[in-house]
Amino acid sequence: MDKLEKIFGKTAQMTVLKNLIERQNEPTYLSGIAEETGLSHASVSRVITPLVGSGVVTEKPFGKQTRIFQLNMESEAAKLIVDFYNKLNQIEVEA
């Protein structure tokens, strides 16, 4: 269990967000996130919607049916989340 999970628990949305944080400079798609996280395509689709709605994640069409997602580093919220994640990984979190 990583430090984020120790504090916030393991949820699909946290898993997707962590995946996007760790790959913040790499655009990806739903199937790629699902494959990397072990979540179903439907789960990723369900939990990424509020992340896009909040502006933390950007969504762009790619072709007729594919959408590309990436952490929105122009968003103040996304910057704070990444900063928190990086600082959290520098400290010891008690079990």
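Residues numbered from 1 in each chain as written. Predicted model: local features only at pLDDT ≥ 70, side-chain atom pairs only at ≥ 80, totals over all residues. Heavy atoms only, no water.

This part is about a nonpolar patch on the surface. Taken together, the side chains of I7, F8 and F84 make up a nonpolar region of the molecular surface, amounting to roughly 290 Å² of accessible area. With respect to the helices and strands, F84 occurs in helix α5 (residues 76-88). The exposure class assigned to F84 is partly exposed, which follows from its relative accessible area of 39%. (Patch = residues over 30% accessible without salt bridge, like charges linked within 9 Å, V, L, I, M, F, W, Y side chains within 5 Å. Areas by Shrake-Rupley, 256 points an atom, 1.4 Å probe, with all protein chains shown as cover. Salt bridge = Lys/Arg side-chain N within 4 Å of Asp/Glu carboxyl O. Helix = DSSP H or I, 4+ residues; strand = E, 2+ residues; numbered from the N terminus. Buried < 20%, exposed > 50% of the residue type's maximum accessible area, 1.4 Å probe, protein only.)

Taken as a whole and judged by the stated rule, the model has 5 salt bridges. Of the charged contacts in the structure, one is a salt bridge between E36 and R23, with a shortest N-O distance of 2.8 Å. Linking E36 in helix α3 (residues 30-37) with R23 in the loop between α2 (12-22) and β1 (28-29), this pair joins segments that are 13 residues apart in sequence. By relative accessible area, R23 is classed as partly exposed at 27%. In the salt-bridge network here, residues are joined through shared partners; they are E22, R23 and E36.

This part takes up the packing of α2 against α5. Packing of α2 against α5 brings their axes to within 11 Å, and their N-to-C directions diverge by 85°. In terms of orientation, α2 and α5 fall into the roughly perpendicular class. Facing L17, K18, I21 and E22 of α2, the residues of α5 in contact are I81, V82 and Y85. Each residue belonging to the contact of α2 with α5 can be placed in one class, and the counts come to 5 nonpolar, no polar and 2 charged. (Axes fitted to C-alpha atoms, helices over the stretch in contact; angles between N-to-C directions. Parallel < 35°, antiparallel > 145°, perpendicular 65-115°, else oblique. Contact = heavy atoms within 4.5 Å. Nonpolar A, V, L, I, M, F, W, Y, C, P; charged D, E, K, R; others polar.)

The pairing of strand β2 (residues 57-62) with strand β3 (residues 66-71) spans 6 bridges and is classified as antiparallel. Within β3, the residue paired with V57 across the bridge is L71. The antiparallel pairing of β2 with β3 creates a hairpin that spans 3 residues between the two strands, and G63 there sits at a positive phi of about 80°. (Pairing = 2+ DSSP bridges.)

For the rest of this paragraph, the subject is the packing of α2 against α3. Two quantities define a packed helix pair, namely the angle between the helix axes and the distance between the axes. For the pair α2 and α3, the least separation of the axes is 10 Å and the interaxial angle reads 105°. With respect to their mutual orientation, α2 and α3 come out roughly perpendicular. Contact with α2, carried on its side by T15, V16, N19 and L20, involves I33, E36 and T37 of α3 and no other residues of that element. Grouping the amino acids of the contact of α2 with α3 by side-chain chemistry returns 3 nonpolar, 3 polar and 1 charged.

A separate point is the sheet that holds β2. Strand order in the open sheet made by the 3 strands is β1-β3-β2, with antiparallel pairing throughout. Every other strand in the sheet has two partners, leaving β1 and β2 as the edge strands with one partner each.

A word on the environment of V16. By secondary structure assignment, the location of V16 is in helix α2. For the pair V16 and L39, spaced 23 residues apart in sequence, the C-alpha separation works out to 8.7 Å. Discounting residues that sit within four places of it in the chain, V16 has contacts with I33, L39, V44, V47, I48 and L51.

What is shown is where atoms sit, not what they do.
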